[in-house]
Amino acid sequence: MSLLDNHPLTGRFRSDGEAVGLAEYERAGGYEGLRKAVKSLSPEAVTDEVFKANLRGRGGAGFPAGIKWKAVPPHPGSACYVVANADEMEPGAFKDRVLMEGDPHQLIEGMVIAAWALQATAGYIFVRFEYQRAARRLEAALAEAERAGYLGSNVLGSGWSFDLHLHTSAGRYICGESSALLNALEGRRAIPRAKLPRPTTAGLWGHPTMVNNVETFCNVPHIITRGAAWFVSVGVGPPARRGGVDGGTKVYTLSGRVNRPGWYESPMGTPLRTLIEEHGGGMRTGYALRAVQPGGASTGFLAPEHLDMPMDFDSPERFGVRLGTGTVMVHDDHTCPVGALHNMERFFAQESCGWCTPCREGLPWVEKILLAFEEGQARPEDLEALAMHTRLIDLSTTFCAHAPGAMAPLESGLALFRDEFERHLREGRCPYLTGT
Amino acid sequence: MLSEAEREEITQEAARYPERRAACIEALKIVQRHRGFVADEALAEVAALLGMSTAELDGVATFYNQILRCPVGRHLLHLCDGVMCWMQGEPALRAHLQAQHALRPGVTSADGRVTLLNTPCLGLCHQAPAALVDGEPETGLTPERLDVLLSRLP
């Protein structure tokens, strides 16, 4: 049994931390999926396989990739784009960095297969500014892939051409919102676009554009090589809303005061407890687990009694949280939960694009109130002001999901840490010395 | 005046997109790599080169965190202020930088050597607290380690 059976996404990683090169990638079965797709499968057959695998988008929303791919209309003679969203800026998230640094060809192969399925003409990998090491490795891998005929004109002798470019951003969380990302790629302020028309119909420069997360693309070569049935058999999740089951593995990350923070590729649906206690080795001596955010800063807090929650896309909803990016943040009893909320809401307020009022005005207000709690200036009615924001800011009042995402930790935090808020009020100060 | 090298790099970048203006963010970064920051005159020239108005390009430039519109030191220290770094020592690092090196966010040291800037989560949460020194990741930071890193900067 090869490492790839249990760890398809990270099984090729080198032990020295360097990127897997082209020769090494090919020796381990790399670009076989692309060869199979281009030589023996029609574009429609490739899309069907991804659809049957029920590959759900790994960027946070879990939208099935196959449905998104099928939404791209026929576009004879016109441009069509495939874009990898590598603007990983969610606090707590680093899975895409790990995948790009460790095995850049895997992302490239996934993108070229997707491009073949959609008969796309060009593609962009949109990498956040700070991921310079990942960008360097991707740039080198792109050059290797082009020299080997996997990219550029006449891919593998098929007569179909596809150019893939690296775009490094200039730092802004909202670029991870897929329509804002398209504006950034066009050289504009990264303000989200109206929901309709969808990018798959009219995206980059008005042409059909399919945006997927890095990890989503990385799964594609394995689905094409081994088949949808294999992919579905890997997951341990319950039946999903859209038929089928959550399949494949997930690159989970773990941070906070656990013994072994890091990244762990594990079957989709692995219980949170397994991640924290087995992979992460449990809490460090002297620290107790207070709460967990299962998928980055825009996901709610989960109480310790719910650690058996399966980490797939649907189960977390039963616990009032989301899987998000599957990037687990563990909060301990030495850390002020009000201060943690202030840190995260300051981030969301700073990263608001400013386009719509609830987000532009509401998030700074929330941040100021939380700061007042930390500085001993808050009044009892401020608790209601915070709660009001969680009621008023939702997807029906904002232009995109940025501010509603910011409300997820606040809403659950107000319920879970009520006594901590009251203690701040009572003592007129923050009772913790976090990070000092 | 933009240098020949800057013009050439920007023109090359523009070829990667169907519209020239799509290269504007990369163009600003090219100018920044050559000069450390993007001055008004350089911004106007880039706008003209890519067929944009100066105001429009300034709107783009000021939107993105990493486009620097005023002069900075010879080196950049980006200290991560993400929640996992905050939890595990970032406040102590910040206090140390201010007390021992007179460095506050957005401020350049008196000798013009280093500018401290805050940055959102760097995605190095499992090795917190973290920073970028001239773009390169440094992890598991302590005040002592920061002293060493700063002393190495020419």
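Check the entry above for the structure.
Residues numbered from 1 in each chain as written. Chains lettered and ligands numbered in written order. Predicted model: local features only at pLDDT ≥ 70, side-chain atom pairs only at ≥ 80, totals over all residues. Heavy atoms only, no water.

1. A closer look at the pairing of strand β2 (residues 122–127) of chain A
Residue and element names in this part refer to chain A.
Part 1: Most of β2 is tucked away: six of the six residues are buried.
Part 2: Side chains of β2 alternate between two faces, with A122, Y124 and F126 and G123, I125 and V127 buried alike.
Part 3: Two elements, strand β1 (residues 81–86) and β2, share six bridges in a ladder whose sense is parallel. Following the sheet pairing, A86 is matched in β2 by V127.
Part 4: Where β2 lies against strand β3 (residues 163–168), six bridges are found, and the strand directions are parallel. Paired with Y124 across the strands is H165, a residue of β3.
Part 5: One crossover worth recording links β2 to the parallel β3 by way of helix α8 (residues 132–147), and it is right-handed. (Buried < 20%, exposed > 50% of the residue type's maximum accessible area, 1.4 Å probe, protein only. Helix = DSSP H or I, 4+ residues; strand = E, 2+ residues; numbered from the N terminus. Pairing = 2+ DSSP bridges. Right-handed = clockwise from strand over helix to strand, strands pointing away.)

2. Considering a nonpolar patch on the surface
Part 1: Residues F51, F63 and I67 of chain A make up a contiguous nonpolar surface patch of roughly 250 Å² in combined accessible area.
Part 2: Looking at I67 of chain A, the relative accessible area reads 32%, which means it is partly exposed. (Patch = residues over 30% accessible without salt bridge, like charges linked within 9 Å, V, L, I, M, F, W, Y side chains within 5 Å. Areas by Shrake-Rupley, 256 points an atom, 1.4 Å probe, with all protein chains shown as cover. Salt bridge = Lys/Arg side-chain N within 4 Å of Asp/Glu carboxyl O.)

3. So, the interface of chain A and chain B
Part 1: If you look at the interface, chain A gives 61 residues, while chain B gives 43 residues.
Part 2: With both sides pooled, the region where chain A packs onto chain B buries about 4000 Å², and carbon together with sulfur makes up 56% of that total.
Part 3: A salt bridge links R136 of chain A to E136 of chain B; the shortest N-O distance between them is 3.3 Å.
Part 4: Counting the contacts that link chain A with chain B gives 25 residue pairs in polar contact (both at pLDDT 80 or more).
Part 5: Mapped onto the side of chain A that touches chain B, the elements with two or more residues apiece are α8, β3, α9 (178–185), β5 (249–255), β8 (327–332) and α14 (337–351) of chain A.
Part 6: Broken down by element, the side of chain A that touches chain B gets its largest block of residues, eight residues, from α14 of chain A.
Part 7: For the side of chain A that touches chain B, the per-class residue count stands at 26 nonpolar, 19 polar and 16 charged. (Contact = heavy atoms within 4.5 Å. Buried area = accessible area lost by both parts, 1.4 Å probe. Polar contact = N/O pair within 3.5 Å; in protein donor to acceptor, adjacent residues only side chain to side chain. Nonpolar A, V, L, I, M, F, W, Y, C, P; charged D, E, K, R; others polar.)

4. Considerations on the sheet that holds strand β4 (residues 136–138) of chain B
Residue and element names in this part refer to chain B.
Part 1: In space, the four strands of this open sheet follow the order β2-β1-β3-β4, with mixed pairing throughout. On the outer flanks of this sheet lie β2 (114–119) and β4, each paired with one strand and no other. For this sheet, the mean inter-axis angle between neighbouring strands, taken without regard to orientation, is 25°.
Part 2: Of the strand pairs in this sheet, strand β1 (residues 75–80) and β2 are connected by six bridges, and their pairing is parallel. If you follow L79 over to β2, its bridge partner there is N118. (Axes fitted to C-alpha atoms, helices over the stretch in contact; angles between N-to-C directions.)

5. A few points about the nonpolar core
Part 1: In terms of nonpolar packing, the biggest core is built from 107 residues, with W69, L107, I125 and F421 of chain A touching the most fellow members.
Part 2: The biggest single contributor to this core is helix α7 (residues 104–118) of chain A, with ten residues.
Part 3: Aside from chain neighbours lying at most four places away, what touches L107 of chain A is A84, M100, I125, L138, V214, F217 and C218 of chain A.
Part 4: By size, the runner-up hydrophobic cluster in this structure holds 47 residues, among which are A180, W205 and V211 of chain A together with V31 of chain B. (Core = buried A, V, L, I, M, F, W, Y, C linked by side-chain atoms within 4.5 Å.)

6. Some points on the side chain of D332 of chain A
Part 1: For D332 of chain A, the location among the structural elements is in strand β8.
Part 2: Only 3.1 Å separates the side chain of D332 of chain A from the side chain of R257 of chain A, close enough to count as a polar contact.
Part 3: A polar contact is formed between the side chain of D332 of chain A and the side chain of T335 of chain A, at a distance of 3.2 Å.
Part 4: Apart from the residues within four sequence positions on either side, D332 of chain A is in contact with R257, M283, Y287, A288 and R290 of chain A together with M87 of chain B.

7. Digging into the packing of helix α4 (residues 43–53) of chain A against α7 of chain A
The relative placement of two packed helices comes down to the angle between their axes together with the axis-to-axis distance.
Residue and element names in this part refer to chain A.
Part 1: Packing of α4 against α7 leaves a shortest axis separation of 7 Å and a crossing angle of 120°. With respect to α7, the element α4 is oriented oblique. Two packed elements cross with a definite hand, and for α4 against α7 that hand is left-handed. On α7, the residues that touch P43, V46 and T47 of α4 are I113, W116 and A117.
Part 2: By residue class, the composition of the contact of α4 with α7 is five nonpolar, one polar and no charged. (Parallel < 35°, antiparallel > 145°, perpendicular 65-115°, else oblique. Left-handed = near helix turned anticlockwise from the far one by under 90°.)

8. Points about helix α12 (residues 272–279) of chain A
Within an α-helix, residues lying three or four positions from one another point in the same direction, as the helix has 3.6 residues per turn.
Part 1: Of the residues making up α12 of chain A, those classed as buried are L272, T274, L275 and I276 of chain A.
Part 2: Just downstream of α12 of chain A lies G281 of chain A, where phi reads positive at about 70°.

9. Concerning the environment of A5 of chain B
Part 1: Position of A5 of chain B among the secondary structure elements: in helix α1 (residues 4–14).
Part 2: On a C-alpha basis, the gap between A5 of chain B and T115 of chain B in space is 26 Å, while along the polypeptide they are 110 residues apart.

10. Remarks on the pairing of β5 of chain A
A regular strand places its side chains so that they alternate between the two faces of the sheet.
Residues and elements named next belong to chain A.
Part 1: The buried count for β5 comes to seven of seven residues, which makes it a mostly enclosed element.
Part 2: Taking the residues between adjacent antiparallel strands as the criterion, β5 and strand β6 (residues 262–267) are bridged by six residues, where G256 takes a positive phi near 110°.
Part 3: Both β5 and β8 contribute to a ladder of three bridges, which runs parallel. Within the sheet, the bridge partner assigned to S255 lies in β8 and is M329.

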